[in-house]
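# Coordinate inspection notes
The residues making up each chain are set out below.
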Amino acid sequence: MSQDAKKIDFLIRKIEREKAARAEAERLLELKSRELYVANQKLITTNKNLEHIVAQRTEELVLKNKELIQFIDTANAPIFGIDTEGAINEWNQQSERITGFSKAEAMGRDLVASFITDDYKISVGEVLAKGLKGQETANFEFPLITQSGGQVIIQLNSTTRRDGDGQVVGVVGVGQD
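Residues numbered from 1 in each chain as written. Predicted model: local features only at pLDDT ≥ 70, side-chain atom pairs only at ≥ 80, totals over all residues. Heavy atoms only, no water.

### Quick word on the confidence of the model for the chain
As a reminder, the rule being used: Known as pLDDT, the predictor's confidence for each residue is given on a scale from 0 to 100. The helix count covers DSSP runs of H or I at least four residues long, the strand count covers runs of E at least two residues long, and both are numbered beginning at the N terminus.
Per-residue confidence for the chain gives a mean pLDDT of 93, with 100% of residues at or over 70. Put simply, helix α1 (residues 3-74) is where the chain has its lowest mean pLDDT, 92, and helix α3 (residues 103-106) is where it has its highest, 97.

Here it is as structure tokens:
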């Protein structure tokens, strides 16, 4: 066999190896593409299912939240809450009834400055400050100022309010009049 024939034979074998390698690469690419497509379809289906579950759970939580709000609002005990600055952020119907101040009138006002008699401002402030530090108080008695200028005696249990991360966001008081 001549030198040129050997070169041609060598080049033909090289081209055939390259064609075979390319065919194998295309086969693997097609196989991996199908695998990726199937995996993507599974992810799409899983995502739709998760979105449905999240929507369903969100709806359940919204309903439970409404129930809790109604429970607090219509409880047969005065319930009021403050934020970390002492501003009222909860004032239920019983609080309205015993003080004469509507929820709209009470919300956002400083509880101690607006609704506590002067002789109890310090002690109530201390109870609320403890609540903001995570210390609860039971059966603390003090007078609330009513809209008519009178007083109503409340026996209060204060509880720290925390957000979903466990951070203190205020204090809630449940009282007996």
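Continuing now.
### Some words on the nonpolar core
The criterion, for reference: We call a set of buried residues a nonpolar core when its members are Ala, Val, Leu, Ile, Met, Phe, Trp, Tyr or Cys and they connect through side-chain atoms within 4.5 Å of each other. The buried label applies to any residue whose accessible area, calculated with a 1.4 Å probe on protein chains only, is under 20% of its type's maximum; exposed applies above 50%, and partly exposed to all values in between.
If you look at the biggest cluster of nonpolar residues, it comprises 21 residues, and the most contacted ones within it are W91, L111, F115, F142 and L144. Contributions of two or more residues to this core are made by β1 (79-83), β2 (88-91), α4 (111-115), α5 (121-132), β3 (137-145) and β4 (151-162).

### Description of the sheet that holds strand β5 (residues 168-176)
Definition in use: For two strands to be treated as a pair, DSSP must find at least two bridges joining them. Angles shown run from 0 to 180 degrees and are taken between the N-to-C directions of axes, each axis being a line fitted to C-alpha atoms and, for helices, limited to the stretch in contact.
Spatial ordering of the open sheet is given by β2-β1-β5-β4-β3, a layout of 5 strands whose pairing is antiparallel. The open sheet terminates on both sides in strands that have one partner only, identified here as β2 and β3. Strand-to-strand twist across the sheet, computed as the mean angle between neighbouring axes with direction ignored, equals 30 degrees. The sheet contact formed by β1 and β5 spans 5 bridges and is antiparallel. Across the sheet, I79 pairs through a bridge with V174, a residue of β5.

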